[in-house]
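Each chain, written out:
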Protein chains: 2
Amino acid sequence: MKQWELQCSRCSAKLPFRYQDMKCTCGGTLLVSYDLNHVAQTFTKASLGQRYPSMWRYHELLPIHDPAHIVSLGEGWTPLLRLPDWESKLSLKRLWIKREEQNPTGSFKSRGFSVAVSLLKQAGATKAAVPSNGNAASALAAYAGRAGIQAFVFIPMDCPSLIVDECPMYGATTVLVDGFIHDAAAIIESGRKDQGWVNVGTLKEPGRVEGKKTMGLELAEQLDWTLPDVIIYPTGGGSGIIGMWKAFLELKTLGFISGDMPRFVCVQEEGCQPIVDGLMHSLGGTSAINTASTPVEERIIPNPTGMRVPNPPDLELLLSIIKQSGGTAIAVSKEQIAQATHSLGSEGISSSPEGAATWAAMLVLSDRGWLRPTDSVVLFNTSHAMKYAKLGASAAIPIIRTYDEFMLYRSI
Amino acid sequence: MKQWELQCSRCSAKLPFRYQDMKCTCGGTLLVSYDLNHVAQTFTKASLGQRYPSMWRYHELLPIHDPAHIVSLGEGWTPLLRLPDWESKLSLKRLWIKREEQNPTGSFKSRGFSVAVSLLKQAGATKAAVPSNGNAASALAAYAGRAGIQAFVFIPMDCPSLIVDECPMYGATTVLVDGFIHDAAAIIESGRKDQGWVNVGTLKEPGRVEGKKTMGLELAEQLDWTLPDVIIYPTGGGSGIIGMWKAFLELKTLGFISGDMPRFVCVQEEGCQPIVDGLMHSLGGTSAINTASTPVEERIIPNPTGMRVPNPPDLELLLSIIKQSGGTAIAVSKEQIAQATHSLGSEGISSSPEGAATWAAMLVLSDRGWLRPTDSVVLFNTSHAMKYAKLGASAAIPIIRTYDEFMLYRSI
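Residues numbered from 1 in each chain as written. Chains lettered and ligands numbered in written order. Predicted model: local features only at pLDDT ≥ 70, side-chain atom pairs only at ≥ 80, totals over all residues. Heavy atoms only, no water.

Draft legend 1. Representation of the relation of the copies chain A and chain B within the structure. Of the transformation placing chain A onto chain B, the axial shift is 0.0 Å and the rotation is 180°, giving an RMSD of 0.0 Å. Considering both components of the superposition, the chain copies are consistent with a two-fold axis. No C-alpha of chain A lies nearer the rotation axis than that of glutamine 102 of chain A, which sits 2.4 Å from it. Both copies present the same face, since 100% of the interface residues in chain A are matched by interface residues at the equivalent positions in chain B. (Least-squares fit on C-alpha atoms with pLDDT ≥ 70 in both. Contact = heavy atoms within 4.5 Å.)

Take a look at the structure:
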């Protein structure tokens, strides 16, 4: 076989790469498949140990073969921070948080777009478009800028304004959409042929999942080629879950790791929780909130986050990963997220609402006994708090001129 | 000698560490001095090659010896990104930008406070205070949070509000000061004894310079133990310049590097440029703007950056480094900074005004022929653009519902 091709995640049909809808005729999602025998010739633990700390250290497991096509801004090899105080408080064996906000665009989306834009460059594409709740748009904008490719980003109008503002800063044509992310996607599909856009939306091309996959490869290497028991991950379209699952399967085939897969926990926000609802439904239950029966248009969450994706592109694949791994899905409230932001802040961590949601989910799962004292747990902080900031929050901060005024303020 | 002690950078007097004003009786600044023969026993290129990519890989050259005292949030080993297109445009041998915004608190200040707060922990201190134009305050807040130390931050009231807001998020007591950074410093000095604060302001304790020093150590290692010809660095208090200079001296003594020091270029913003003015004065000239004769209170720059430090704690040391290295100092305007932010954005880089100022300075120095075709140049991007963001910037972004509306907008 060639060094890589596309393969259906459901029926295993194989076909060569071209830009196309990533759906197989059977309805499954097409993912990149590598010749792992070929990969194994150079991809060894010893070789990796000598490589530069970047996600491109895993280049044999990424679909770009000519280094000249790699579009990099310094992504990956983000810190995995241990939180020993909370291990004691929650009776966990280990607790880590993966600091994905330290990527070049301030979010985990850097990884997917480094690969997706490299693929565009390899293919000679000149224009790309993405529908996004924010961070994917700014990541496309940045990587396309670096590559000299024109970016067009379509963002629901109620998304965080600071993230929206980043897109024109990176030179992207930026448009707000009066609707949801799937409405933005529909606009791109309408204009795709006329405009010559490649649609780089979630699971619309193969690069983003491969980029997200490096989170799993890194995690395994940072844990000295072992896997955690539980991964708690904020989930919208789900490409991160699919990517990490794929990473662990590839590492198993290559003989790098063995044993059980981590239990994957998908975290969503109450009010837009198709994965939680889908899991309940598939297990024969009904969701407490039961948004599945609520028309999409009525599932309004004000100030949405990256988790607000009413129609994940391959819900079936996500549910299959959750169930195979012994994982679960959980929705948390805005109040729980706000409290978690505060808790993570007190630990010195600037967390996005999505990252904070994984903390909130951890607390619930710990309370319920779903997390066990033998569990090592990894949370993903996908972005900085500041990207979601609003001005005026500091209105309560006192203004002083002297130490006496400080004392006066403290005594109130 | 002990593994480290304090040594005056001017008269070379040595004394043991305690928290004190870091001024020697001769007026020089006290810096950390190591027993480099002892360091050389374990600090080797081969050993470093095996270590984790964090600034703590250089632990022998940092003043913390018990790993239990290290307060880390995942700082250092930031990417060094090459900009080949601009090498051609400007006729430079090499051009890199060091992406310091990828540190845990979104700025280069993480490095200094990781060491400073570790020292506080080692010393058993429970309260620390800092005067800051923003990013130092949020870094103290974050690292103190991680360490369980109470942080008190004093910030001039016209500093960027999003950075101010980060401080209470990390749990710091946060106060705005109607004045400059030295007015904030005076308030801390007034309350220091009463409140039991350790003042961790610039050059008020030895840890921050040592942390900043790791930028120099990393740069040398990332360039395979060579040095660039020119370092262009945004300069306020100047501890980064002093730290990198110290890094290169230590590496020379250890035999890791040889040859000329890089020419250090200090970049400031027009209107508050004591280093530029000081250099002109010491060379017998007068500054075009001549702020040196303007009372400090009148040197108002609206929306100040970290470069607005009217009275650097050791201007003499900074000028000596600039002159010894064959470097220079340059002030750029707000308009030049805005234009540079745009240029860096088009390359996919989110730059703070301070980082953008280094780009603006590079263009001027290239125009003047001060930068030569044989020069390899490193710029420092010290923080993310978004930390300085203002709401309302996106007011001009169109809102659409359909592809037809997109076409309509495009045709206008």
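Draft legend 2. View of the interface of chain A and chain B. Opposite the 70 residues of chain A that make contact, chain B presents 70 residues. Summed over both partners, the interface of chain A with chain B comes to about 5,900 Å²; 62% of that surface belongs to carbon and sulfur atoms. For the interface between chain A and chain B, the tally reads zero salt bridges. For the side of chain A that touches chain B, the leading source of residues is helix H6 (residues 161–169) of chain A, giving seven residues. The residue inventory of the side of chain A that touches chain B, partitioned by class, reads 36 nonpolar, 22 polar and 12 charged. As paired strands, strand E8 (residues 173–177) of chain A and strand E14 (residues 399–400) of chain B are joined by two bridges and run parallel to one another. Each bridged residue has a counterpart across the sheet, and for leucine 176 of chain A the counterpart in E14 of chain B is isoleucine 399 of chain B. (Buried area = accessible area lost by both parts, 1.4 Å probe. Salt bridge = Lys/Arg side-chain N within 4 Å of Asp/Glu carboxyl O. Helix = DSSP H or I, 4+ residues; strand = E, 2+ residues; numbered from the N terminus. Nonpolar A, V, L, I, M, F, W, Y, C, P; charged D, E, K, R; others polar. Pairing = 2+ DSSP bridges.)

Draft legend 3. Fine view of the side chain of threonine 382 of chain B. All names here are of chain B. By the element assignment, threonine 382 lies in the loop between strand E13 (376–381) and E14. A residue is classified by how much of its surface remains accessible, and threonine 382, at 2% relative accessible area, is buried. With near-sequence residues (within four places) excluded, threonine 382 lies in contact with Glu100, Glu101, Gly106, Ser107, Phe108, Pro234, Ser352, Glu354 and Gly355. (Buried < 20%, exposed > 50% of the residue type's maximum accessible area, 1.4 Å probe, protein only.)

Draft legend 4. Looking closely at the packing of aromatic side chains. Considering all chains together, one arrives at 36 aromatic pairs over all chains under this definition. Ring plane angle 55° and centroid distance 5.8 Å describe the contact between tryptophan 77 of chain A and tyrosine 52 of chain B, whose orientation is recorded as tilted. Taken together, the positions of tryptophan 77 of chain A in the loop between helix H2 (45–49) and strand E4 (80–82) and tyrosine 52 of chain B in the loop between helix H2 (45–49) and strand E4 (80–82) put the pair across two chains. What makes tyrosine 52 of chain B partly exposed here is its relative accessible area of 42%. An aromatic cluster is present here, built from Phe152, Phe154 and Trp197 of chain A together with Tyr403, Phe406 and Tyr409 of chain B joined pairwise through their rings. Lying across the ring of tryptophan 86 of chain A, lysine 89 of chain A places its NZ or CZ 4.1 Å from the centre. The ring centre of tryptophan 370 of chain B lies 4.5 Å from the NZ or CZ of arginine 263 of chain B, which sits over that ring. (Phe/Tyr/Trp six-rings, centres within 6.5 Å; stacked < 30°, edge-to-face > 60°. Lys NZ or Arg CZ within 6 Å of the ring centre and 35° of its normal.)

Draft legend 5. Molecular detail of the environment of valine 39 of chain B. All names here are of chain B. Note that valine 39 resides in helix H1 (residues 36–40). Between the C-alpha atoms of valine 39 and glutamine 3, which are 36 residues apart in sequence, the distance is 8.4 Å. In contact with valine 39, other than residues within four places in its own chain, are Tyr34, Glu60, Leu61 and Leu254.

Draft legend 6. Fine view of the packing of helix H8 (residues 207–222) of chain A against helix H9 (residues 239–253) of chain A. Residues and elements named next belong to chain A. The geometry of H8 relative to H9 is characterised by a closest axis approach of 7 Å and an angle of 55° between their N-to-C directions. Here H8 is positioned oblique relative to H9, judged by the angle of their axes. Two packed elements cross with a definite hand, and for H8 against H9 that hand is right-handed. Side by side, H8 and H9 meet where Val209, Glu210, Lys212, Lys213, Met215, Gly216, Leu217, Leu219 and Ala220 of the first sit next to Ser239, Gly240, Ile242, Gly243, Met244, Lys246, Ala247, Phe248, Glu250 and Leu251 of the second. Class assignment for the residues of the contact of H8 with H9 results in 10 nonpolar, four polar and five charged. (Axes fitted to C-alpha atoms, helices over the stretch in contact; angles between N-to-C directions. Parallel < 35°, antiparallel > 145°, perpendicular 65-115°, else oblique. Left-handed = near helix turned anticlockwise from the far one by under 90°.)

Draft legend 7. Expanded view of the sheet that holds strand E1 (residues 4–8) of chain B. What the three strands build is an open sheet, ordered E2-E1-E3 (chain B); its pairing is antiparallel. Looking along the sheet, the strands with just one partner apiece sit at the ends: strand E2 (14–15) and strand E3 (30–34) of chain B.

Draft legend 8. Layout of helix H10 (residues 274–282) of chain B. All names here are of chain B. Of all the positions in H10, only Pro274, Ile275, Val276, Asp277, Gly278 and Leu279 are classed as buried. Here the buried face of H10 lies against strand E11 (263–269), helix H11 (315–325) and strand E12 (328–332). Once H10 finishes, glycine 284 follows within two positions and takes phi at roughly 90°, a positive value.

Draft legend 9. Inspection of helix H6 (residues 161–169) of chain B at higher detail. With seven of nine residues buried, H6 of chain B lies mostly within the body of the structure. Buried within H6 of chain B are the following residues: Leu162, Ile163, Val164, Asp165, Glu166, Cys167 and Met169 of chain B. Next to the buried residues of H6 of chain B lie H6 and helix H12 (334–346) of chain A together with helix H5 (135–147), strand E7 (150–156) and strand E8 (173–177) of chain B. At the exit of H6 of chain B stands glycine 171 of chain B, carrying a positive phi of roughly 95°.

Draft legend 10. Geometry of the sheet that holds strand E14 (residues 399–400) of chain A. The five strands lie next to each other as E14(A)-E8(B)-E7(B)-E6(B)-E9(B), forming an open sheet whose pairing is parallel. Each having just a single partner strand, E14 of chain A together with strand E9 (198–199) of chain B make up the two edges of the open sheet. Note: strand E6 (residues 127–131) of chain B against E7 of chain B, five bridges, orientation parallel. Within the sheet, the bridge partner assigned to proline 131 of chain B lies in E7 of chain B and is phenylalanine 154 of chain B.

Draft legend 11. How the structure looks around the nonpolar core. Counting residues in each nonpolar core, the largest one holds 62 residues, and the members touching the most others are Leu95, Ile232, Trp359 and Met362 of chain A together with Phe113 and Leu140 of chain B. Looking at this core element by element, the count peaks at nine residues for H5 of chain B. Excluding residues within four positions of it along the chain, methionine 362 of chain A makes contact with Leu90, Leu92, Leu95, Ile232, Leu371 and Leu379 of chain A. (Core = buried A, V, L, I, M, F, W, Y, C linked by side-chain atoms within 4.5 Å.)

Draft legend 12. Quick peek at the layout of surface pockets. Volume-wise, the second largest pocket comes out at about 850 Å³. Looking at the second largest pocket, it is lined by 37 residues, and the ones nearest its centre are Thr341, Ala385, Tyr388, Ala389 and Lys390 of chain B. Those elements that provide at least two residues to the lining of the second largest pocket are H6 and E8 of chain A together with H6 and helix H12 (334–346) of chain B. Broken down by class, the residue content of the lining of the second largest pocket amounts to 19 nonpolar, 11 polar and seven charged. (1 Å grid on protein atoms, 1.4 Å probe; cavity = no way out; pocket = protein on both sides within 12 Å on 5 of 7 lines; lining within 4 Å. Points joined across faces, edges and corners; volume = space filled by probe spheres on them.)

Draft legend 13. Layout of the packing of H12 of chain B against helix H13 (residues 353–367) of chain B. Residue and element names in this part refer to chain B. Where H12 contacts H13, the two axes come as close as 8 Å, and the packing angle between them is 95°. Considering their axes alone, H12 and H13 lie roughly perpendicular with respect to each other. In this structure, H12 uses Gln336, Ile337, Ala340, Thr341, Ser343 and Leu344 to contact H13, whose residues at the interface are Pro353, Gly355, Ala356, Ala357, Trp359, Ala360 and Val364.

Draft legend 14. Seen up close, the pattern of salt bridges. Per the counting criterion, the structure on display carries 40 salt bridges over all chains. Between lysine 246 of chain A and glutamate 250 of chain A there is a salt bridge, and its shortest N-O distance comes to 2.8 Å. Highlighted residues: lysine 246 of chain A and glutamate 250 of chain A, both in helix H9, separated by four residues, approximately one helical turn. On the basis of relative accessibility, which here comes to 9%, the residue lysine 246 of chain A falls in the buried class. Owing to a relative accessible area of 7%, glutamate 250 of chain A belongs among the buried residues under this scheme. We note a salt bridge from glutamate 218 of chain B to arginine 111 of chain B, for which the minimum N-O separation is 2.7 Å. Note that glutamate 218 of chain B is positioned in helix H8 (residues 207–222) and arginine 111 of chain B in helix H4 (residues 109–123), a separation of 107 residues in sequence. Residue class for glutamate 218 of chain B comes out buried when judged on its relative accessible area of 0%. Under the relative-accessibility criterion, arginine 111 of chain B is labelled buried at 0%.

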